[in-house]
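Report on the structure
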Amino acid sequence: MMGFKRGVLIIVASVLPGYLGSSWAVLHLLLTPEHKPMTQTPVQLGFPNTKSVWVETSKDHIRLRGWLVPANQSRAIILVHGIHSNAWDCQTPDVVRAYQASGFQVFLFDLRAHGGSGGEHIGLGLHERHDIQAIVDYLQTEAAIPPGSIGLHGTSYGAVVALFAAADIEAIKAVIADSAYANLFDVVGGELERQTGLPSEWGVMFAPGFELMGRVVYGFDIDKAMPLQAVRKIQQRPLLLIHGQEDEILPPDHARRLNQAGGPNTQLWLLPGRGHTQGVRLVPDCDKPSPLREEFLRRTTSFFKRYL
(Lines give C-alpha, C1' and ligand atoms only; values in the text may rest on other atoms or scores of the structure.)
Protein backbone atom coordinates (compact mmCIF):
# COMPACT_ATOMS: atom_id res chain seq x y z
CA MET A 1 0.00 0.00 0.00
CA MET A 2 2.80 2.38 0.87
CA GLY A 3 4.40 1.64 -2.48
CA PHE A 4 1.17 2.54 -4.27
CA LYS A 5 0.85 5.86 -2.43
CA ARG A 6 4.48 6.64 -3.16
CA GLY A 7 3.89 5.89 -6.85
CA VAL A 8 0.87 8.21 -6.94
CA LEU A 9 2.89 11.00 -5.32
CA ILE A 10 5.68 10.56 -7.85
CA ILE A 11 3.19 10.79 -10.73
CA VAL A 12 1.53 13.88 -9.26
CA ALA A 13 4.91 15.51 -8.62
CA SER A 14 5.89 14.84 -12.21
CA VAL A 15 2.67 16.02 -13.83
CA LEU A 16 1.68 18.97 -11.61
CA PRO A 17 4.42 21.44 -12.66
CA GLY A 18 3.61 20.90 -16.31
CA TYR A 19 -0.12 21.31 -15.68
CA LEU A 20 0.31 24.51 -13.69
CA GLY A 21 2.77 25.89 -16.22
CA SER A 22 0.35 25.17 -19.05
CA SER A 23 -2.52 26.69 -17.08
CA TRP A 24 -0.52 29.87 -16.53
CA ALA A 25 0.50 30.09 -20.20
CA VAL A 26 -3.05 29.69 -21.47
CA LEU A 27 -4.53 32.04 -18.85
CA HIS A 28 -1.86 34.64 -19.63
CA LEU A 29 -2.82 34.49 -23.29
CA LEU A 30 -6.52 34.84 -22.52
CA LEU A 31 -5.89 37.82 -20.22
CA THR A 32 -3.52 39.69 -22.57
CA PRO A 33 -5.39 41.60 -25.30
CA GLU A 34 -3.85 43.53 -28.13
CA HIS A 35 -3.31 47.28 -27.74
CA LYS A 36 -5.37 48.23 -30.79
CA PRO A 37 -4.42 51.81 -31.80
CA MET A 38 -6.83 54.57 -32.76
CA THR A 39 -7.07 55.20 -36.48
CA GLN A 40 -8.76 58.64 -36.23
CA THR A 41 -8.79 61.39 -33.65
CA PRO A 42 -12.04 62.61 -32.03
CA VAL A 43 -11.76 65.80 -34.11
CA GLN A 44 -11.56 63.77 -37.31
CA LEU A 45 -14.57 61.78 -36.14
CA GLY A 46 -16.63 64.94 -35.72
CA PHE A 47 -16.16 65.82 -32.04
CA PRO A 48 -14.05 69.01 -32.06
CA ASN A 49 -14.55 70.03 -28.42
CA THR A 50 -13.56 66.71 -26.91
CA LYS A 51 -11.23 66.96 -23.91
CA SER A 52 -8.40 64.44 -23.73
CA VAL A 53 -7.73 63.37 -20.13
CA TRP A 54 -5.83 60.82 -18.10
CA VAL A 55 -7.16 59.19 -14.95
CA GLU A 56 -5.32 56.90 -12.58
CA THR A 57 -6.73 54.11 -10.46
CA SER A 58 -6.11 54.50 -6.75
CA LYS A 59 -5.70 50.76 -6.08
CA ASP A 60 -3.04 49.69 -8.59
CA HIS A 61 -2.12 53.05 -10.20
CA ILE A 62 -2.94 52.10 -13.77
CA ARG A 63 -3.15 55.16 -16.04
CA LEU A 64 -6.16 55.20 -18.33
CA ARG A 65 -6.44 57.24 -21.49
CA GLY A 66 -9.85 58.89 -21.74
CA TRP A 67 -11.90 61.54 -23.51
CA LEU A 68 -14.77 63.68 -22.27
CA VAL A 69 -17.26 64.71 -24.96
CA PRO A 70 -19.12 67.77 -23.61
CA ALA A 71 -22.85 68.49 -23.75
CA ASN A 72 -25.26 70.98 -22.23
CA GLN A 73 -26.46 68.95 -19.24
CA SER A 74 -24.93 67.79 -15.96
CA ARG A 75 -25.53 64.15 -16.81
CA ALA A 76 -22.90 61.75 -18.11
CA ILE A 77 -22.64 58.31 -19.65
CA ILE A 78 -19.48 56.23 -19.44
CA LEU A 79 -18.93 53.98 -22.46
CA VAL A 80 -17.01 50.74 -21.94
CA HIS A 81 -15.74 48.98 -25.07
CA GLY A 82 -15.18 45.26 -25.66
CA ILE A 83 -12.02 43.19 -25.58
CA HIS A 84 -9.32 43.63 -28.27
CA SER A 85 -10.79 47.06 -29.07
CA ASN A 86 -10.44 50.69 -27.99
CA ALA A 87 -12.59 53.65 -26.99
CA TRP A 88 -13.36 54.92 -30.50
CA ASP A 89 -13.44 51.62 -32.36
CA CYS A 90 -16.02 50.62 -34.98
CA GLN A 91 -19.42 52.32 -34.64
CA THR A 92 -18.88 53.78 -31.17
CA PRO A 93 -18.96 57.34 -32.61
CA ASP A 94 -22.58 56.72 -33.64
CA VAL A 95 -23.44 55.97 -30.00
CA VAL A 96 -21.53 59.00 -28.75
CA ARG A 97 -23.26 61.25 -31.26
CA ALA A 98 -26.71 60.03 -30.20
CA TYR A 99 -26.01 60.57 -26.50
CA GLN A 100 -24.42 63.98 -27.00
CA ALA A 101 -27.37 65.13 -29.13
CA SER A 102 -29.64 64.21 -26.23
CA GLY A 103 -27.66 66.41 -23.85
CA PHE A 104 -25.50 63.77 -22.17
CA GLN A 105 -21.81 64.26 -21.64
CA VAL A 106 -19.96 61.13 -22.69
CA PHE A 107 -16.77 59.72 -21.20
CA LEU A 108 -14.89 57.22 -23.37
CA PHE A 109 -11.69 55.48 -22.35
CA ASP A 110 -9.35 52.68 -23.31
CA LEU A 111 -9.71 49.81 -20.88
CA ARG A 112 -6.60 48.71 -19.03
CA ALA A 113 -4.30 46.74 -21.34
CA HIS A 114 -6.06 48.28 -24.36
CA GLY A 115 -5.35 51.17 -26.70
CA GLY A 116 -3.28 53.88 -25.07
CA SER A 117 -3.98 52.88 -21.47
CA GLY A 118 -1.52 51.20 -19.13
CA GLY A 119 -1.60 47.70 -17.77
CA GLU A 120 -0.57 44.39 -19.27
CA HIS A 121 -3.63 42.22 -18.73
CA ILE A 122 -7.36 42.45 -18.10
CA GLY A 123 -8.94 41.77 -14.72
CA LEU A 124 -12.14 39.91 -15.70
CA GLY A 125 -14.18 42.89 -14.55
CA LEU A 126 -12.86 42.63 -11.00
CA HIS A 127 -9.88 44.98 -11.43
CA GLU A 128 -11.76 47.16 -13.93
CA ARG A 129 -14.20 48.15 -11.19
CA HIS A 130 -11.43 50.39 -9.92
CA ASP A 131 -11.01 51.90 -13.39
CA ILE A 132 -14.68 52.91 -13.44
CA GLN A 133 -14.41 54.30 -9.90
CA ALA A 134 -11.54 56.53 -11.01
CA ILE A 135 -13.65 57.81 -13.91
CA VAL A 136 -16.67 58.43 -11.66
CA ASP A 137 -14.41 60.40 -9.30
CA TYR A 138 -13.16 62.45 -12.24
CA LEU A 139 -16.67 63.19 -13.48
CA GLN A 140 -17.81 64.30 -10.05
CA THR A 141 -14.82 66.48 -9.24
CA GLU A 142 -13.75 67.84 -12.64
CA ALA A 143 -17.00 67.85 -14.65
CA ALA A 144 -19.37 68.61 -11.73
CA ILE A 145 -21.59 65.61 -12.46
CA PRO A 146 -23.67 64.88 -9.34
CA PRO A 147 -24.20 61.37 -7.95
CA GLY A 148 -27.23 59.74 -9.51
CA SER A 149 -26.58 61.42 -12.86
CA ILE A 150 -24.04 58.92 -14.17
CA GLY A 151 -24.88 55.99 -16.42
CA LEU A 152 -22.79 53.08 -17.70
CA HIS A 153 -23.07 51.56 -21.19
CA GLY A 154 -20.87 48.52 -21.73
CA THR A 155 -20.53 46.27 -24.76
CA SER A 156 -19.52 42.57 -24.67
CA TYR A 157 -16.58 42.36 -22.23
CA GLY A 158 -17.30 46.01 -21.44
CA ALA A 159 -20.82 44.98 -20.41
CA VAL A 160 -19.33 42.60 -17.86
CA VAL A 161 -17.11 45.42 -16.56
CA ALA A 162 -20.18 47.67 -16.30
CA LEU A 163 -22.09 45.09 -14.24
CA PHE A 164 -19.26 44.61 -11.75
CA ALA A 165 -18.69 48.36 -11.45
CA ALA A 166 -22.36 49.19 -10.91
CA ALA A 167 -22.57 46.54 -8.19
CA ASP A 168 -19.90 48.41 -6.19
CA ILE A 169 -20.39 52.10 -7.09
CA GLU A 170 -23.58 53.70 -5.79
CA ALA A 171 -23.07 56.89 -7.82
CA ILE A 172 -23.93 54.92 -10.97
CA LYS A 173 -27.67 55.28 -11.43
CA ALA A 174 -28.45 53.20 -14.54
CA VAL A 175 -26.68 50.55 -16.64
CA ILE A 176 -26.90 49.16 -20.16
CA ALA A 177 -25.15 45.80 -20.61
CA ASP A 178 -25.01 44.81 -24.27
CA SER A 179 -24.06 41.17 -24.91
CA ALA A 180 -22.62 40.21 -21.52
CA TYR A 181 -21.90 36.70 -20.35
CA ALA A 182 -23.49 35.36 -17.17
CA ASN A 183 -20.87 32.84 -16.09
CA LEU A 184 -17.18 33.06 -16.94
CA PHE A 185 -16.61 29.32 -17.07
CA ASP A 186 -19.31 29.00 -19.74
CA VAL A 187 -17.23 31.08 -22.16
CA VAL A 188 -13.66 30.05 -21.30
CA GLY A 189 -13.82 27.04 -23.60
CA GLY A 190 -14.92 29.08 -26.61
CA GLU A 191 -12.25 31.71 -26.02
CA LEU A 192 -9.65 28.98 -25.57
CA GLU A 193 -10.53 27.53 -28.96
CA ARG A 194 -10.68 30.93 -30.73
CA GLN A 195 -7.39 32.21 -29.38
CA THR A 196 -5.28 29.05 -29.20
CA GLY A 197 -6.90 26.49 -31.47
CA LEU A 198 -7.17 24.05 -28.58
CA PRO A 199 -10.46 22.13 -28.20
CA SER A 200 -13.06 24.07 -26.21
CA GLU A 201 -13.58 21.00 -24.01
CA TRP A 202 -10.13 21.61 -22.54
CA GLY A 203 -11.54 24.63 -20.71
CA VAL A 204 -12.93 22.31 -18.05
CA MET A 205 -9.57 20.59 -17.68
CA PHE A 206 -7.77 23.90 -17.17
CA ALA A 207 -10.35 25.38 -14.76
CA PRO A 208 -8.59 24.37 -11.49
CA GLY A 209 -5.26 25.62 -12.83
CA PHE A 210 -6.86 28.90 -13.95
CA GLU A 211 -8.32 29.43 -10.48
CA LEU A 212 -4.99 28.87 -8.75
CA MET A 213 -2.95 30.96 -11.22
CA GLY A 214 -5.55 33.72 -11.07
CA ARG A 215 -5.03 34.07 -7.34
CA VAL A 216 -1.27 33.58 -7.23
CA VAL A 217 -0.15 35.46 -10.35
CA TYR A 218 -2.90 37.97 -11.18
CA GLY A 219 -4.39 38.74 -7.79
CA PHE A 220 -8.04 37.91 -8.35
CA ASP A 221 -10.43 35.13 -7.44
CA ILE A 222 -11.89 33.72 -10.66
CA ASP A 223 -14.76 32.23 -8.67
CA LYS A 224 -15.88 35.81 -7.97
CA ALA A 225 -15.72 36.86 -11.65
CA MET A 226 -19.34 35.87 -12.23
CA PRO A 227 -21.63 38.63 -13.57
CA LEU A 228 -24.67 36.81 -12.15
CA GLN A 229 -23.42 37.73 -8.69
CA ALA A 230 -22.96 41.37 -9.72
CA VAL A 231 -26.49 41.64 -11.13
CA ARG A 232 -27.92 40.41 -7.84
CA LYS A 233 -26.10 43.27 -6.08
CA ILE A 234 -27.41 45.96 -8.46
CA GLN A 235 -31.01 45.13 -7.53
CA GLN A 236 -33.17 48.29 -7.46
CA ARG A 237 -31.27 50.33 -10.04
CA PRO A 238 -32.40 50.35 -13.69
CA LEU A 239 -30.59 47.79 -15.85
CA LEU A 240 -31.17 47.20 -19.57
CA LEU A 241 -29.80 43.91 -20.89
CA ILE A 242 -29.38 43.68 -24.67
CA HIS A 243 -28.52 40.51 -26.54
CA GLY A 244 -28.79 38.97 -29.98
CA GLN A 245 -31.35 36.17 -30.33
CA GLU A 246 -28.87 34.09 -32.34
CA ASP A 247 -25.59 35.32 -30.93
CA GLU A 248 -23.06 32.63 -31.88
CA ILE A 249 -20.31 33.90 -29.58
CA LEU A 250 -22.42 34.28 -26.43
CA PRO A 251 -25.77 32.46 -26.71
CA PRO A 252 -28.82 34.45 -25.50
CA ASP A 253 -29.24 32.14 -22.51
CA HIS A 254 -26.57 34.29 -20.84
CA ALA A 255 -28.89 37.31 -21.02
CA ARG A 256 -31.89 35.30 -19.84
CA ARG A 257 -30.01 34.13 -16.76
CA LEU A 258 -28.85 37.67 -16.01
CA ASN A 259 -32.42 38.89 -16.40
CA GLN A 260 -33.70 36.29 -13.95
CA ALA A 261 -31.10 37.40 -11.42
CA GLY A 262 -32.04 41.07 -11.82
CA GLY A 263 -34.33 43.20 -9.72
CA PRO A 264 -37.68 44.82 -10.54
CA ASN A 265 -36.06 47.46 -12.77
CA THR A 266 -34.19 44.98 -14.97
CA GLN A 267 -35.28 44.83 -18.62
CA LEU A 268 -34.27 42.40 -21.37
CA TRP A 269 -34.24 43.30 -25.07
CA LEU A 270 -33.45 40.43 -27.42
CA LEU A 271 -32.47 41.56 -30.91
CA PRO A 272 -33.09 39.56 -34.09
CA GLY A 273 -30.07 38.42 -36.05
CA ARG A 274 -26.95 36.29 -35.68
CA GLY A 275 -24.36 38.91 -34.79
CA HIS A 276 -22.65 39.53 -31.49
CA THR A 277 -23.38 43.13 -30.41
CA GLN A 278 -25.99 43.12 -33.15
CA GLY A 279 -27.46 46.55 -32.37
CA VAL A 280 -24.63 48.55 -33.93
CA ARG A 281 -22.50 45.69 -35.20
CA LEU A 282 -19.41 46.48 -33.21
CA VAL A 283 -18.08 43.00 -34.06
CA PRO A 284 -17.38 41.38 -36.42
CA ASP A 285 -18.92 43.59 -39.13
CA CYS A 286 -18.31 47.03 -37.70
CA ASP A 287 -17.97 48.50 -41.18
CA LYS A 288 -21.58 47.60 -41.99
CA PRO A 289 -24.29 49.50 -40.10
CA SER A 290 -26.88 47.22 -38.55
CA PRO A 291 -30.48 47.42 -39.82
CA LEU A 292 -31.34 47.79 -36.13
CA ARG A 293 -29.06 50.81 -35.71
CA GLU A 294 -31.71 53.54 -35.44
CA GLU A 295 -33.91 51.51 -33.10
CA PHE A 296 -30.90 50.61 -30.99
CA LEU A 297 -29.83 54.25 -30.63
CA ARG A 298 -33.38 55.38 -29.92
CA ARG A 299 -33.99 52.82 -27.19
CA THR A 300 -30.63 53.20 -25.47
CA THR A 301 -30.94 56.98 -25.46
CA SER A 302 -34.52 56.80 -24.17
CA PHE A 303 -33.42 54.50 -21.37
CA PHE A 304 -30.92 57.00 -20.00
CA LYS A 305 -33.28 59.93 -20.54
CA ARG A 306 -35.78 58.19 -18.33
CA TYR A 307 -33.49 57.14 -15.51
CA LEU A 308 -30.72 59.75 -15.27
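These notes cover the structure that comes with them. Keep in mind that what you see is a predicted model, and the values were worked out from it rather than measured. (Residues numbered from 1 in each chain as written. Predicted model: local features only at pLDDT ≥ 70, side-chain atom pairs only at ≥ 80, totals over all residues. Heavy atoms only, no water.)

**Re helix H3 (residues 128-142)**
Helix length check: H3 (15 residues) gives 21 Å between terminal C-alpha atoms against 21 Å at 1.5 Å per residue, within 8%. Inspection of H3 places Glu128, Asp131, Ile132, Ala134, Ile135, Val136, Tyr138 and Leu139 among the buried residues, and these make up the whole buried set. The positive-phi residue at the C-terminal boundary of H3 is alanine 144, with phi of around 55°. (Helix = DSSP H or I, 4+ residues; strand = E, 2+ residues; numbered from the N terminus. Expected span 1.5 Å × (residues − 1). Buried < 20%, exposed > 50% of the residue type's maximum accessible area, 1.4 Å probe, protein only.)

**Some details on the layout of surface pockets**
Roughly 210 Å³ of internal volume is contained in the second largest pocket. Around the second largest pocket sit 15 residues that line it, and Leu126, Arg129, Phe164, Asp168 and Lys224 are the ones nearest its centre. Considered class by class, the residues forming the lining of the second largest pocket number 5 nonpolar, 4 polar and 6 charged. In terms of domain composition, the lining of the second largest pocket takes at least three residues from each of domain 1 (1-31 + 185-224) and domain 2 (39-183 + 226-307). (1 Å grid on protein atoms, 1.4 Å probe; cavity = no way out; pocket = protein on both sides within 12 Å on 5 of 7 lines; lining within 4 Å. Points joined across faces, edges and corners; volume = space filled by probe spheres on them. Nonpolar A, V, L, I, M, F, W, Y, C, P; charged D, E, K, R; others polar. Domains from an automatic or database assignment.)

**Some points on the environment of leucine 64**
Turning to its location among the elements, leucine 64 is positioned in strand E2 (residues 63-69). Of the residues examined, leucine 64 reaches a relative accessible area of 0% and is grouped as buried. The contacts of leucine 64, once residues within four sequence positions are left out, are Val53, Trp54, Val55, Thr57, Phe109, Asp110, Leu111, Arg112, Ser117 and Asp131. (Contact = heavy atoms within 4.5 Å.)

**Points about the packing of helix H4 (residues 157-168) against helix H7 (residues 227-234)**
Direction vectors running N to C along H4 and H7 enclose 40°, while the axes themselves pass 8 Å from each other. Overall, the two elements H4 and H7 adopt an arrangement that is oblique. As for the relative orientation of H4 and H7, their crossing is left-handed in sense. Residue-level contacts link Val160, Leu163, Phe164, Ala166, Ala167 and Asp168 of H4 to Pro227, Ala230, Val231, Lys233 and Ile234 of H7. (Axes fitted to C-alpha atoms, helices over the stretch in contact; angles between N-to-C directions. Parallel < 35°, antiparallel > 145°, perpendicular 65-115°, else oblique. Left-handed = near helix turned anticlockwise from the far one by under 90°.)

**A short note on the pairing of strand E6 (residues 172-178)**
The side chains of a regular strand alternate between both faces of the sheet. The element E6 is largely enclosed, with a buried count of 6 among its 7 residues. Across 6 bridges, the pairing between strand E5 (residues 150-155) and E6 is parallel. Note on E6: the bridge partner recorded for glycine 151 is alanine 174. Read as a crossover between parallel neighbours, the route from E5 over H4 to E6 is right-handed. (Pairing = 2+ DSSP bridges. Right-handed = clockwise from strand over helix to strand, strands pointing away.)

**Some words on the sheet that holds strand E8 (residues 266-271)**
Whether parallel or antiparallel, the strands of a sheet pair through hydrogen bonds between backbone atoms. With mixed pairing, 8 strands are arranged side by side in an open sheet as E1-E2-E4-E3-E5-E6-E7-E8. Edge strands, defined here as strands with exactly one partner in the open sheet, are strand E1 (51-56) and E8. Strand-to-strand twist in this sheet, taken as the mean axis angle between neighbours without regard to direction, amounts to 20°.

**Comments concerning the pairing of strand E7 (residues 239-244)**
When you tally the buried positions in E7, you get 6 out of 6 residues, the bulk of the element. Examined bridge by bridge, E6 and E7 share 4 bridges and lie parallel to one another. Bridge pairing in E7 links isoleucine 176 to leucine 240. Of the strand pairs in this sheet, E7 and E8 are connected by 6 bridges, and their pairing is parallel. Its bridge partner lying in E8, leucine 239 is registered against threonine 266. A crossover connection joins E7 to the parallel E8 through helix H8 (residues 253-261); in handedness this β-α-β unit is right-handed.

**Remarks on the nonpolar core**
Ranked by size, the top nonpolar core spans 64 residues in total, and within it Ile78, Phe107, Ile132 and Leu139 carry the most contacts. Shared between two domains, this core holds at least three residues of each, these being domain 1 (1-31 + 185-224) and domain 2 (39-183 + 226-307). Setting aside chain neighbours within four positions, we find isoleucine 132 in contact with Ile78, Val80, Phe109, Leu152, Val161, Ala165, Ile169 and Ile172. Listed in part, the 29 residues of the second largest apolar core include Leu45, Phe47, Ala87 and Ile242. (Core = buried A, V, L, I, M, F, W, Y, C linked by side-chain atoms within 4.5 Å.)

**What to know about the side chain of serine 156**
Locating serine 156 in the fold gives a position in the loop between E5 and H4. Judged by relative accessible area, serine 156 falls into the buried class, the value being 16%. Look past the residues within four positions of serine 156 in its chain and what remains in contact with it is Asp178, Ser179, Ala180, His276 and Thr277.

**A few points about the packing of aromatic side chains**
For the structure shown, the criterion picks out 9 aromatic pairs. Each member of the aromatic cluster is reached from another via a ring pair, and the members are Tyr99, Phe104, Phe303, Phe304 and Tyr307. Stacked on the ring of tryptophan 54, the Lys or Arg arginine 63 has its end atom at 4.4 Å from the ring centre. Taking the ring centre of tryptophan 269 as reference, the NZ or CZ of arginine 299 above it sits at 4.1 Å. (Phe/Tyr/Trp six-rings, centres within 6.5 Å; stacked < 30°, edge-to-face > 60°. Lys NZ or Arg CZ within 6 Å of the ring centre and 35° of its normal.)

**Points about the environment of aspartate 186**
Relative to the helices and strands, aspartate 186 is located in helix H5 (residues 184-196). On a C-alpha basis, the gap between aspartate 186 and leucine 250 in space is 9.1 Å, while along the polypeptide they are 64 residues apart. In contact with aspartate 186, not counting residues within four places along its chain, are His254 and Arg257.

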